[in-house]
Amino acid sequence: MRRYVLRRLALTVPTLGLVSLIVFGMMRLMPGDVVTRMVEGQAYAPTLEALRHELGLDRPAYVQYLGWIGGIVLHGDFGNSYWTRQPIVDEFAHRFPVTLELALLTILVSVTIGILVGIVSAARQDSAADYVGRVLAILALSVPYFGLAVLVVVLPAIYFKWTPVWTYVALTSDPLQNLKIMIVPALVFGVTRAGPIMRIMRSALIDVLRQDYIRTAWSKGLGERAIVLRHALKNAMIPVISLVGLQLPLYLGGSVIVESIFRLPGVGLFFFEALTRLDYPVVQSVNLIIATLVVGLNLAIDLTYAFFDPRIRYR
Amino acid sequence: MARRISAWLIFWGLFVAFVSPLSTDAQTPRRGGVLRIADREAPNLDPHLSVSFLTHSWASMVYSQLVRYAHGPEQKSPADFTIVPDLAEKWEYKSPTVVVFTLRKGVHFHNKPPVNGREVTAADVKYSIERFMTKSAFRARFDVVQSVDVVDPHTVQITLKEPFAPFLNHLAAAMYVAILPREVEEKFKDFNRPEAMIGSGPFMLKSYQKGVQIVFERNPAYYERGLPYLDGVVIEITPDASARLSLLRSGKVEMGHMWGFLSAEEAKSVKQTNPEMVSIPTANLASAIIYFRTDQPPFNDVRVRRAVSLAIDRKEWSNTILDGEGCIDSGPVPCALTEWKLPASKMDPAKAKYLIGYDPAEAKRLLAEAGYPNGLTVPMYHWPGYIPPFRTYYDLTADSLSKIGITVELKPEEYGKYISTTYLGKYEKMAMGPQAPGNEIDDWLYSGFFPEQPHNRSHVADAELNRMLIAQRRELDHAKRLIIVQDIQRYLADKAYYVYLPTWPQHITYSPKVKGLKHHDGFSLGQRLMFTWLEP
Amino acid sequence: MATPTVTRPWYVDVWIQLWRRKPLGALGGAIVLVMLAAATFADVITVYGFAETSLRDRFIAASAAHWLGTDQIGRDVLTRLIYGARISLYVGFGAVLIGCTLATALGIVSAYWGGRFDLFLQRGVDAWMAFPGLLLLMSILSLLGPGVWNITIVLGLAFGIQNSRIIRSVALSINEHTYIEGARAAGAGHVRVTLVHILPNVMPTIIVVATTGLSTVILTEAALSFLGLGVPPPYPTWGGMLSLAGLDHMYTAPWLAIWPAVALSLAVFGFNMLGDALRDLLDPRLKGG
């Protein structure tokens, strides 16, 4: 076990190195030219050349890459945005807590709903409750969540002249107001993410309930609730945890639409705008930071497997 | 008898004295109040380092210019680009290439470190213009400037390389020259930080919470006594359009986009839920155009281009898509630029029909004559992200052209690619998009038709036209210039270098509490809000 | 006299069982069948063309001539939905098929071989998954160029690599079961063990993943349309109809967004119900008794 942990940790560095190379390359594959994009077609060739030089884009690709990576590794400097000329890390530090809070609240909502409905559905397979649960789960994941978010903002304004869109305040300055602001987007986002969790939970739990050691427990006379909660659930949780881990980049980066509609100054919107504007340094550095977090989290999740299913050994 | 008459007189006198202030109450500006607007965020704050109109709108709150356009009670129409004094109280052409500006005395920058409220001088003007000419992506507009000289602390002399009629207009445009204090750049390296937003304009920056809101407060020492009326302006940063409308409907903001710019559909919907809203249709300047590679087949043949123009039933489009509010005669000079426009009705009908006419039979005949009796297939590059009715126009155009035998292959492009290639004229055969916005007639003519200009997307290279384009640029006398501009329009009528589609109006919509707001087609937010006040 | 029992092959038996025992699944199957038929025979069953404009008939909500109404330039919504089914189902099916194959292959192989191979492969997957999907899609698509086939491949690739994790975790837990070791001890080769023992046990999860993935793929196409990277014209797509015409005219003509959303939900519902039922019926332990 310990050897496994050490090996995994050692491999994080090359993994992240690979991430940095890929994101650097991908940004250069994106359609359009950064400098032309910045001036939106207003300028002539000499102006563009000057801008290109100012941003260091006339250097060969590998020099630009090394400059970027070198800055991070040697000075902890993640670079400046091409647009605002301000340090990226400052902006990120302001925005990340917002997205993180949204992600955590969303995970809370989606996992709670998903697991509860999934358990009921699995325990009462093929009953009315199962059908209702499954139909709701499907509906939740087939409604485009930008549609849902738009509806939540548009319909109350039309019918009640009221809107759940407020000016953001940080958790640290006014916790109550902050939670009031965050709970609506978390619910909207969370409900749509609950569908896949519910289905995986149901499928995994059904699988586990059919297995030999469960039958043994039945025959020993243990009550249903004890069986489900104590024995089956632990093993059924494995793919669920895997799913949440898998969806993490979605929560962290995919919250663009929710952030945009509910006016939350998060990383999602920051990243998306940088992407469409071809703000290379922002996309590269933010991606790398998030990748580090995701890789770390996945490692933690993998290690959690061992706790839930001691029969899994790592060779 | 006399007593009854005097009683009546006294009664009427009192009545008038009481009632008239009430009836003209709406016209008398009141001091106070904070105006709230919902809009997107400017990508940065430095007016020279950004070409975004959002940046320039925000900057216009805080900075002054040498001269500006008429706003508020001064303006005759939204497209009134009359030059009025701002920091310069008067100016004079010493010769066709030398202009001398006399600055107002006693105008001060905002009282914030490191500037600390010192007086604005000619040195600041020189510094600002030179910085613009070094850093801004728009600097080619000032290529004609040879030098900016400080004659004395309140007099600036600008020398041009040749006579240039658009010059004053460019100085008045919010996109180009804001007057900045040099100490700020020395301290902060550029004007991107909130602390660096120090100017001499009607409002001062109070606070900026990135991604959330920017707050401006009244400049108590603004040189225009009594202005602005508002105590402050808050822009609530809201990236999503439907969220902005929701904020407007629920009364959380008074204006739903920065200039209250709603589409016809949005305005209708807002008026349904909030009938008290003020909504004024205002003609757009820029329209949608179809442009061609006139330097390659098949569109190097004017007959093929004319056929495309004749295939579009502009009247029908305006009556249906635009609810009859469209302007059909939209090019090459915009409908709203009435000062310069020569209406198609005043042109030779034989030529004008290629500008606004609808005749599919004639179009087919022209195609056959040009060598395409069985029609042809062409691509149409475009960005699908422009909001309606743009999006509608793409499909409609393809449909209209199919009826005369031209099969259009729609080629949507991603924005980054579009703005780097198609928008700049690098595309195959045919494309559609908006005209670039402009304030001066020169923008609509020279930039669109002179060779090598970034907005000459149709690759026009017409020697006769070039002669006229240069002539109008150099003609400082307005009446003489107007004649040249009208000649250009007559000349272009049947060339179909571009095909112009009906322009639609925006519906300027805002809360009834907002008074004195007059839409202006320039990008200055500060100058229009200077004259705006709030009724409780 | 005892009636002789007839043994039917499992792939026939499944459908009969579906009809008898899983009504919801059968309903799902029926929906899927109707949609596929409509998409295939679109040319025959539609009255209007999908690009047929009629400026005088714009924004009709519903009428005898236009059952689901018309859009902003008078095109019939029902016709566009039926043609839209072609692309959406084609891309959806295709991407899910590619993705599931990839996910299964990666997941099972990684779990089965284990050791350093698993370690390195999973780090590669980690690297891939650390990217927000949009960045990946946009950059790869701009490299390959737009087109139905390219979009299907890219969506399938992304979907497959992401979901390989789930397959792998299930395969890992199966790996440790005694009957696997038993089979190996009995001399079964790797391929046989994989195909006969591991794959069937992973199948239920694969089916759930596949059916869940369909909606993700179609919705991603909607987001891509919005950016100008979606399936290029002329055929309409549900995603394009939703995110372009639907959002543009949501105040004037909400039905332009509602109908594609309903079509999408119905398709996803049908596939998921069918998938669930098949999964339940094919579960070997259930069959094994």
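Numbering of residues starts from 1 in every chain and runs along the sequence as written. Naming scheme: in the order in which they are written, chains are lettered from A and ligands are numbered from 1. Whole-chain, interface and lining totals are the exception, using all residues; otherwise, since this is a predicted model, local features are given only for residues with pLDDT of at least 70 and side-chain atom pairs are given and counted only at 80 or more.

Looking at the overall build of chain B
By definition, any uninterrupted DSSP run of H or I lasting at least four residues is a helix, any uninterrupted run of E lasting at least two residues is a strand, and each is numbered from the N terminus. Looking only at helices and strands, chain B has 17 helices and 20 strands in total. It is over C-alpha atoms that the radius of gyration is taken, and the globule rule equals 2.2 Å times the number of residues to the power 0.38. The globule rule puts the C-alpha radius of gyration for 536 residues at 24 Å, and the 26 Å found for chain B is close to it. For chain B, the spread of C-alpha atoms along the principal axes amounts to about 85 × 65 × 55 Å. Once C-beta atoms are placed from the backbone, each residue is buried if 20 or more other C-beta atoms lie within 10 Å of its own, exposed if 12 or fewer, and partly exposed for counts between those two. Out of the 536 residues belonging to chain B, those deemed buried represent 52%. When contacts within chain B are restricted to residue pairs at least 6 apart in sequence, those whose partners lie at least 24 apart make up 69%. What counts as a contact is two residues whose backbone-derived C-beta atoms lie within 7 Å of each other.

Concerning the overall build of chain C
Across its full length, chain C carries 12 helices and 0 strands. Seen in sequence order, chain C has helices and strands lined up from the N terminus as α-α-α-α-α-α-α-α-α-α-α-α. Across its three principal axes, chain C shows a C-alpha extent of roughly 75 × 65 × 25 Å. Here chain C holds 289 residues, and the buried ones make up 50% of them. Once local pairs closer than 6 in sequence are excluded, the contacts in chain C between residues at least 24 apart make up 70%.

Comments concerning the interface of chain B and chain C
On the side of chain C, 18 residues touch chain B, which itself brings 20 residues to the contact. Elements with a contribution of two residues or more to the side of chain B that touches chain C: helix 7 (264-273), helix 9 (314-320), helix 12 (390-402) and strand 15 (406-412) of chain B. Per-element accounting of the side of chain B that touches chain C gives the leading share, 5 residues, to helix 12 of chain B. Each residue is assigned to one of three groups, with Ala, Val, Leu, Ile, Met, Phe, Trp, Tyr, Cys and Pro labelled nonpolar, Asp, Glu, Lys and Arg labelled charged, and all others, Gly among them, labelled polar. Here the residues of the side of chain B that touches chain C are counted per class, giving 8 nonpolar, 4 polar and 8 charged.

Side note on the interface of chain C and chain A
Residue-level contacts link 44 residues of chain C with 46 residues of chain A. Looking at the side of chain C that touches chain A, the elements that each hand over two or more residues are helix 5 (115-129), helix 6 (133-144), helix 7 (148-175), helix 9 (190-227), helix 11 (255-282) and helix 12 (284-288) of chain C. At 9 residues, the largest contribution of residues to the side of chain C that touches chain A is made by helix 11 of chain C. When grouped by side-chain class, the residues that make up the side of chain C that touches chain A number 25 nonpolar, 12 polar and 7 charged.

Section: helix 12 (residues 267-277) of chain A
Residues and elements named next belong to chain A. Within helix 12, 9 of the 11 residues are buried, leaving the element largely enclosed by the surrounding structure. Taken together, the buried positions of helix 12 are occupied by Val267, Gly268, Leu269, Phe270, Phe271, Phe272, Ala274, Leu275 and Arg277. Count one or two residues on from helix 12 and you reach Leu278, which has phi positive near 60°.

Some details on the confidence of the model for chain B
Averaged over all residues, the pLDDT of chain B equals 91, while 95% of them reach at least 70. Every residue carries a pLDDT, the predictor's confidence in it, which falls somewhere between 0 and 100. In this model residues 18-25 of chain B is a low-confidence stretch, pLDDT under 50, and it forms 0 contacts with partners more than four residues away in sequence or in other chains.

Thoughts on the sheet that holds strand 8 (residues 203-209) of chain B
Residues and elements named next belong to chain B. Pairing between strands is defined by DSSP: at least two bridges between them are needed. Strands sit in the order 1-10-9-8 across an open sheet of 4 strands; the sheet is mixed. Whereas interior strands pair on both sides, the edge strands pair on one side only; in this sheet they are strand 1 (34-39) and strand 8. Put simply, the sheet's adjacent strands are angled 15° from each other on average, direction ignored. Note: strand 8 against strand 9 (residues 213-218), 6 bridges, orientation antiparallel. Angles here are taken between N-to-C directions and fall from 0 to 180 degrees, while the axes themselves are lines fitted to C-alpha atoms, restricted in helices to the stretch in contact.

Brief notes about helix 8 (residues 302-310) of chain B
An α-helix turns once every 3.6 residues. As a result, residues three or four positions apart point the same way. Residue and element names in this part refer to chain B. In terms of burial, helix 8 is largely enclosed, as 7 of its 9 residues are buried. The set of residues buried in helix 8 consists of Val304, Arg305, Arg306, Ala307, Val308, Ser309 and Leu310. Check the buried side of helix 8 and you find it contacts strand 13 (288-292), helix 10 (349-356), helix 11 (360-369), helix 12 and strand 17 (498-500).

Looking at the sheet that holds strand 11 (residues 261-262) of chain B
All names here are of chain B. Taken together, the 3 strands give an open sheet; going across it, the order is 11-18-12, and neighbouring strands pair in antiparallel fashion. At either end of the open sheet lies a strand with only one pairing partner, and these are strand 11 and strand 12 (278-283). When strand 12 meets strand 18 (residues 505-510), the two strands line up antiparallel, connected through 6 bridges. Pairing of Thr282 across the sheet is with Gln506, part of strand 18. In this fold helix 7 packs onto strand 11, strand 12 and strand 18, with an angle of close to 30° to the strand it touches most, strand 18.

Some thoughts on the nonpolar core
Only buried Ala, Val, Leu, Ile, Met, Phe, Trp, Tyr and Cys residues enter a nonpolar core, and they are joined through C-beta atoms within 7 Å. If you look at the biggest cluster of nonpolar residues, it comprises 309 residues, and the most contacted ones within it are A:Met201 and A:Leu205. What A:Leu205 contacts, discounting residues up to four positions off in sequence, is A:Gly118, A:Ile119, A:Ala122, A:Ala232 and A:Ala236. Ranked by size, the runner-up nonpolar core spans 5 residues in total, among them B:Tyr415, B:Tyr418, B:Ile419 and B:Tyr423.

Let's talk about the packing of helix 2 (residues 23-40) of chain C against helix 4 (residues 77-113) of chain C
Residue and element names in this part refer to chain C. Relative to each other, helix 2 and helix 4 sit at 105°, their axes nearing to 8 Å. Between helix 2 and helix 4, the interaxial angle falls into the category roughly perpendicular. Taken together, the residues of helix 4 that come into contact with helix 2 (itself represented by Met35, Leu36, Ala38 and Ala39) are Ile82, Ala85, Arg86 and Leu89. In the contact of helix 2 with helix 4, the residues fall into 7 nonpolar, no polar and 1 charged. For this classification, under 35 degrees means roughly parallel, over 145 means roughly antiparallel, 65 to 115 means roughly perpendicular, and everything else is oblique.

A few points about the environment of A:Asp77
Residues and elements named next belong to chain A. Structurally, the position occupied by Asp77 is in the loop between helix 4 (61-75) and helix 5 (88-123). The class for Asp77 is partly exposed, based on 15 C-beta atoms found within 10 Å. Taking the C-alpha atoms as reference, Asp77 lies 21 Å from Gly268; in sequence the two are 191 residues apart. With residues near it in sequence (within four places) discarded, Asp77 still touches Gly71 and Ile72.

Examining the environment of A:Ser285
Residues and elements named next belong to chain A. For Ser285, the position within the fold is in helix 13 (residues 280-308). Distance from Ser285 to Asp77, taken between C-alpha atoms, is 9.7 Å for residues 208 residues apart in sequence. When residues no more than four places from it in sequence are discounted, the contact partners of Ser285 are Phe78, Gly79 and Ile88.

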